[in-house]
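One-letter residues, chain by chain:
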Amino acid sequence: MDVRPAWEPPRPAVRRRADHTAIVGCDLFVDGVAVESPGSAADLARLHERARAQDGAFVWLGLHEPTEAALTRVAEVFALHPLVVEDILHREQRVKIERYEDMVFLVVRAAQYVEHERITATSEMVSTGFVRILIGPQFVITVRQGTVMELSTLRTDLSADPEMLAQGPWAVVHGILDRLVDGYVDIAAAMQTDLDLTEAAVFAPGTPVTVEQIYQLKRQLMKFKAAVLPLQRPLAALSGKQFADLPKEIRRYFSDAADHHAAAVEQVIAFDDVVNTLLQARLTQLTVDQNNDLRKIASWAAIAALTTAIAGVYGMNFAHMPELTWRYGYPAIMLVMLVSAGVLYWVLRRAGWL
């Protein structure tokens with residue numbers, strides 16, 4: 001019996017559909033107006049060609065944690081530099097701005113305040129995540145890592161301002177950085193409240209705040225500081241002469257964002273000094289408490305040693321000790337022990353040891 005499969009004509013090659021699971025937003029803007037918003041079903045190559053063929057047009061592509069395969073396909077469409085693709089796939093990046101011929105690569109660190117009832121030794125106060133931005137002549141690509149700083153509301157807000165978007169892809173970059181800096185300011189205000197509450201608790205009677213809680217506050221502040229401070233160089237570059245080819249009006253917007261960011265930086269640096277002071281104050285309080293405890297222990301030990309010494313003398317049972325045969329010897333010695341202990345207690349209490 002012939003069990004070979006029946007012959008079938010060859011099938012035409014099927015073009016595999018691109019993986020767009022990482023696309024969270026895609027718009028084609030012409031003169032600041034979104035003329036096409038296909039979203040995750042975007043034909044990136046067609047949109048890019050259309051943007052290149054029209055003056056005042058650009059594509060805003062938003063990605064969230066793309067895979068290497070998906071990012072490689074995006075790189076082919078927009079002709080991204082291989083080093084840029086490698087940097088995006090590397091999760092931990094420093095904040096920086098780099099130019100690759102006619103394209104600029106910007107890495108920023110977004111932050112988000114985490115609500116909490118009280119500060120504990122393990123509580124999280126600040127959550128951070130990276131946002132990579134690729135800016136070309138006819139496109140801007142945003143790549144988010146984590147859940148911090150979603151850009152859908154920013155996309156909606158900017159779409160409602162076609163005059164701003166008419167200035168090109170750098171208008172999107174300014175919108176992202178402006179919202180990023182506003183987030184820094186809000187987080188700084190929330191952390192100011194945490195610092196005030198911690199400071200009041202440190203110097204309150206009973207001192208319920210532990211060193212571990214203050215140190216956790218310092219760790220969260222360091223995480224926030226690592227997001228805020230490095231942004232100074234990119235903002236200075238965008239508002240200065242390093243990117244002289246940027247439109248003059250856009251550079252003014254970046255200068256305004258840099259001013260707001262400078263205020264946030266000053267506040268964060270001040271927070272660092274306050275936390276260090278609180279930590280030192282709490283450690284000093286612990287040292288003082290330990291010294292007080294040691295003085296109390298030493299005082300009671302001295303009282304016990306005095307009475308023990310008197311009892312030890314009369315416990316030697318020598319034959320010629322007149323007090324041993326005296327009728328009132330025992331109550332007299334007990335009275336001497338009590339009086340001497342009381343006098344020593346009064347002296348130590350007056351000296352502040354008890």
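Use the structure listed above.
Here the residue numbers are simple positions, counted from 1 along each chain's written sequence. Reporting in this predicted model follows two pLDDT cut-offs: at least 70 for local features of residues, and 80 or more for side-chain atom pairs to be given and counted; totals over whole chains, interfaces and linings ignore these cut-offs and use all residues. Derived side-chain values reflect all non-hydrogen atoms in the structure, with water molecules and hydrogen atoms excluded from consideration.

J.: I would appreciate a short explanation of the layout of surface pockets in the present structure.
T.: To find the voids left in a structure, one rolls a probe of water-molecule size over its atoms. Taken as a whole, the second largest pocket encloses approximately 260 Å³ of empty space. As for the second largest pocket, its lining consists of 15 residues, and the residues nearest its centre are Ala-111, Gln-112, Met-149, Arg-179 and Gly-183. Elements are defined by DSSP. Helices are runs of H or I of four residues or more, strands are runs of E of two residues or more, and each kind is numbered from the N terminus. Elements supplying a minimum of two residues to the lining of the second largest pocket: strand S5 (103-113) and helix H6 (169-202). Top contributing element to the lining of the second largest pocket by residue count: H6, with six residues. Three classes are used, and their members are as follows: Ala, Val, Leu, Ile, Met, Phe, Trp, Tyr, Cys and Pro are nonpolar, Asp, Glu, Lys and Arg are charged, and the others, Gly among them, are polar. Among the residues forming the lining of the second largest pocket, the class breakdown is eight nonpolar, four polar and three charged. For each structure, a 1 Å grid was placed over the protein atoms alone; sets of points admitting a 1.4 Å probe that cannot get out are labelled cavities, open sets with protein on both sides within 12 Å along at least five of seven lines are labelled pockets, and lining residues have an atom within 4 Å of a point. Grid points are joined across faces, edges and corners, and a volume is the space filled by probe spheres set on the points.

J.: How should the pattern of salt bridges be read in this particular structure?
T.: Here the idea is simple: oppositely charged side chains can pair when their charged atoms come close. Every case where a carboxyl oxygen of Asp or Glu lies within 4 Å of a side-chain nitrogen of Lys or Arg is listed as a salt bridge. Taken as a whole and judged by the stated rule, the model has eleven salt bridges. Arg-155 serves as the salt-bridge partner of Asp-27, at 2.4 Å between the closest nitrogen and oxygen. Taken together, the residues Asp-27 in strand S1 (residues 23-30) and Arg-155 in helix H4 (residues 152-159) connect sequence positions 128 residues apart. The same class applies to Asp-27 and to Arg-155, which are both buried. Through salt bridges with shared partners, one network takes in Glu-36, Arg-46 and Arg-50. Classification of residues uses two cut-offs on accessible area relative to the type maximum, computed with a 1.4 Å probe and protein chains only: under 20% is buried, over 50% is exposed, and between them is partly exposed.

J.: Sorry if this is basic, but what is going on with the pairing of strand S3 (residues 57-64) here?
T.: Counting buried residues along S3, seven of its eight residues qualify, which places the element largely inside the surrounding structure. Should DSSP find at least two bridges between two strands, the strands are taken to pair. Pairing analysis gives seven bridges linking S1 to S3, with the strands arranged antiparallel. Across the sheet, the residue bridging to Asp-27 is Trp-60, located in S3. Pairing geometry for S3 and strand S7 (residues 139-144), over six bridges, is parallel. In the sheet register, Trp-60 faces S7, and the bridge partner there is Val-140.

Shape descriptors only; they carry no functional weight alone.
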